[in-house]
Amino acid sequence: DQQVKQNSPSLSVQEGRISILNCDYTNSMFDYFLWYKKYPAEGPTFLISISSIKDKNEDGRFTVFLNKSAKHLSLHIVPSQPGDSAVYFCAASRGGGGADGLTFGKGTHLIIQP
Amino acid sequence: IAGITQAPTSQILAAGRRMTLRCTQDMRHNAMYWYRQDLGLGLRLIHYSNTAGTTGKGEVPDGYSVSRANTDDFPLTLASAVPSQTSVYFCASSEVAGAYNEQFFGPGTRLTVL
């Protein structure tokens, strides 16, 4: 049973437009959410995060929105650039102080078209 | 060394053989993790360590063991490899254990078990 779901395996967006990547979760104990970006043959790199006490976090071209009631978060990239083409993973963790790792979605392959 | 290093980069292994994947970090992070990434399944946590001398089981620990003798190193051992352990393995670390810390990932080890 997947606790973090990314239902779009791939997304194609024109350069300069907005990219919106979606993520849903089922575990109400999750209270911290992260987005990672991954290029082929490299490890994931941290992009942006949000805690459950917020509904929005912005960092440059990247904004993450959290809707706790819907158990849904989204990553907005605007404007999209060719270097944004990568696989994006949504991840979640539970509070409580223990490091039991992150729970990842399956990823969305974002393709930015010129 | 900067960040997290993993060795080997890739390995082809006969079933039944023993294999240790190495992971070293130079950030003095307390918590370390091992994930495997399989096509269509995202990243799944194998084992974690909150601090040197302690380890814990993740989502898919069977067939794997870890040790954390010091802060910097977190090796992952496959005692008797099986084909289902063919995967890309990522080591990660975070400054402290807990939900509100981003994890930094190594470049990965691609393991093929024949």
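You'll find the structure just up there.
Being a predicted model, the structure only gives us computed values, none of them experimental. In this convention, every chain numbers its residues from 1, walking through the sequence in written order. All chains are assigned letters beginning with A, and all ligands numbers beginning with 1, in the order in which they are written. Only residues with pLDDT of at least 70 get local features here, since the model is predicted, and only at 80 or more are side-chain atom pairs given and counted; chain-wide, interface and lining totals rely on the full set of residues. Remark: hydrogens and water are excluded; side-chain values derive from all non-hydrogen atoms of the structure.

## Digging into the overall build of chain A
Part 1 of the argument: Helix and strand counts for chain A stand at zero helices and 11 strands.
Part 2 of the argument: Strands are runs of DSSP state E lasting at least two residues, helices are runs of H or I lasting at least four, and both sets are numbered from the N terminus onward. Helices and strands in chain A line up, N terminus first, as β-β-β-β-β-β-β-β-β-β-β.
Part 3 of the argument: Against the compact-globule benchmark of 13 Å for 114 residues, chain A has a radius of gyration of 14 Å, which places it among compact chains.
Part 4 of the argument: Dimensions of chain A, computed from the C-alpha atoms along their principal axes, are close to 45 × 30 × 20 Å.
Part 5 of the argument: Between buried and exposed lies partly exposed: a residue is buried under 20% and exposed over 50% of the maximum accessible area for its type, with that area taken using a 1.4 Å probe on protein chains only. Looking at chain A as a whole, 46% of its 114 residues are labelled buried.
Part 6 of the argument: Contact definition: two residues touch when any of their heavy atoms are within 4.5 Å. Counting only contacts in chain A whose residues sit at least 6 apart along the sequence, the fraction spanning at least 24 positions is 55%.
Part 7 of the argument: Summed over all atoms, the accessible surface of chain A reaches about 5400 Å², with 48% contributed by carbon and sulfur.
Part 8 of the argument: Charged residues are defined narrowly, with Lys and Arg counted positive, Asp and Glu counted negative, and His plus the chain ends left uncounted. Charge coordinates come from a single atom per side chain, which is NZ of Lys, CZ of Arg, CG of Asp or CD of Glu. Across chain A, the centroid of the 11 positively charged side chains sits 3 Å from that of the 10 negatively charged ones. As defined in this context, the radius of gyration uses C-alpha atoms, and a globule is described by 2.2 Å times the residue total to the power 0.38. Calculation of accessible area relied on Shrake-Rupley with a 1.4 Å probe; when residues are assessed, cover is drawn exclusively from the protein chains displayed.

## Considering the layout of surface pockets
Part 1 of the argument: Here a cavity denotes grid points, spaced 1 Å and computed from the protein atoms alone, that fit a 1.4 Å probe unable to get out, and a pocket denotes an open set having protein on both sides within 12 Å along at least 5 of 7 lines; residues with an atom within 4 Å of a point are the lining. Grid points are joined across faces, edges and corners, and a volume is the space filled by probe spheres set on the points. Put simply, the largest pocket is a space of about 690 Å³.
Part 2 of the argument: Along its surface, the largest pocket is lined by 33 residues, and Lys38 of chain A together with Gln37, Leu39, Val88 and Arg110 of chain B are the ones closest to its centre.
Part 3 of the argument: In terms of residue count, the dominant contributor to the lining of the largest pocket is strand 11 (residues 109-113) of chain B (four residues).
Part 4 of the argument: Among the residues making up the lining of the largest pocket, the classes are represented as 12 nonpolar, 16 polar and five charged.
Part 5 of the argument: There is about 430 Å³ of room inside the second largest pocket.
Part 6 of the argument: Lining the second largest pocket are 23 residues, with Gln3, Leu102, Thr103 and Phe104 of chain A together with Glu59 of chain B sitting closest to its centre.
Part 7 of the argument: If you list the elements that add at least two residues to the lining of the second largest pocket, you get strand 9 (86-94) and strand 10 (103-104) of chain A together with strand 5 (42-49) of chain B.
Part 8 of the argument: Broken down by element, the residue count for the lining of the second largest pocket peaks at four residues, all from strand 5 of chain B. Under the scheme applied, nonpolar residues are Ala, Val, Leu, Ile, Met, Phe, Trp, Tyr, Cys and Pro; charged residues are Asp, Glu, Lys and Arg; polar residues are all the others, including Gly.

## Concerning the side chain of glutamine 85 of chain B
Residue and element names in this part refer to chain B.
Part 1 of the argument: By secondary structure assignment, the location of glutamine 85 is in the loop between strand 8 (76-78) and strand 9 (87-94).
Part 2 of the argument: In protein, a polar contact means a hydrogen-donor-capable atom and an acceptor-capable atom, both N or O and within 3.5 Å, with residues adjacent in sequence counting only if both atoms are side-chain atoms; elsewhere, any N or O pair within 3.5 Å suffices. Of note is the side chain of glutamine 85, whose polar atom sits 3.2 Å from the backbone oxygen of glycine 63.
Part 3 of the argument: Apart from the residues lying within four places of it in its own chain, the contact partners of glutamine 85 are Arg36, Asp62, Gly63, Tyr64, Leu78, Ser80, Leu111 and Val113.

## With respect to the packing of aromatic side chains
Two measures describe an aromatic ring pair: the distance that separates the ring centres and the angle between the ring planes.
Part 1 of the argument: Note on ring pairs: Phe, Tyr and Trp rings are taken, using the six-membered ring of Trp, and paired if centres are within 6.5 Å. Classes follow the plane angle, with under 30 degrees stacked, over 60 edge-to-face and the rest tilted. Within this structure, the stated rule accounts for 11 aromatic pairs over all chains.
Part 2 of the argument: With a centroid separation of 6.2 Å and 85 degrees between ring planes, the pair formed by phenylalanine 89 of chain A and phenylalanine 104 of chain A is classed as edge-to-face. Of this pair, phenylalanine 89 of chain A sits in strand 9 while phenylalanine 104 of chain A sits in strand 10; the two residues are 15 residues apart in sequence, bridging distant segments of the chain.
Part 3 of the argument: With relative accessibility at 0%, the residue phenylalanine 89 of chain A sits in the buried group.
Part 4 of the argument: Accessibility expressed as a relative area gives 4% for phenylalanine 104 of chain A, which makes it buried.
Part 5 of the argument: Measuring from ring centre to ring centre gives 5.5 Å for tyrosine 35 of chain B and phenylalanine 105 of chain B, while their planes differ by 40 degrees; the resulting arrangement is tilted. In this pair, tyrosine 35 of chain B is assigned in strand 4 (residues 31-38) and phenylalanine 105 of chain B in strand 10 (residues 104-105), connecting sequence segments 70 residues apart. Neither residue differs from the other here; tyrosine 35 of chain B and phenylalanine 105 of chain B are each classed as buried.
Part 6 of the argument: Joined through ring pairs, the aromatic side chains of Tyr36, Phe46, Phe89 and Phe104 of chain A together with Tyr33, Tyr35 and Phe105 of chain B make up one cluster.

## Looking at the pattern of salt bridges
Working definition: two side chains of opposite charge can pair if their charged atoms are close together.
Part 1 of the argument: Criterion for a salt bridge: a side-chain nitrogen of Lys or Arg within 4 Å of a carboxyl oxygen of Asp or Glu. Applying the stated criterion across every chain, the model contains six salt bridges over all chains.
Part 2 of the argument: Here lysine 37 of chain A and aspartate 84 of chain A are joined by a salt bridge, their closest N and O atoms 4.0 Å apart. Residue lysine 37 of chain A is located in strand 4 (residues 30-38), and its partner aspartate 84 of chain A is located in the loop between strand 8 (72-77) and strand 9; the two are separated by 47 residues in the primary sequence.
Part 3 of the argument: Overall, the relative accessible area of 11% leaves lysine 37 of chain A in the buried class.
Part 4 of the argument: Of the residues examined, aspartate 84 of chain A reaches a relative accessible area of 2% and is grouped as buried.
Part 5 of the argument: With its nearest N and O atoms 2.9 Å apart, the salt bridge here joins aspartate 38 of chain B to arginine 36 of chain B.

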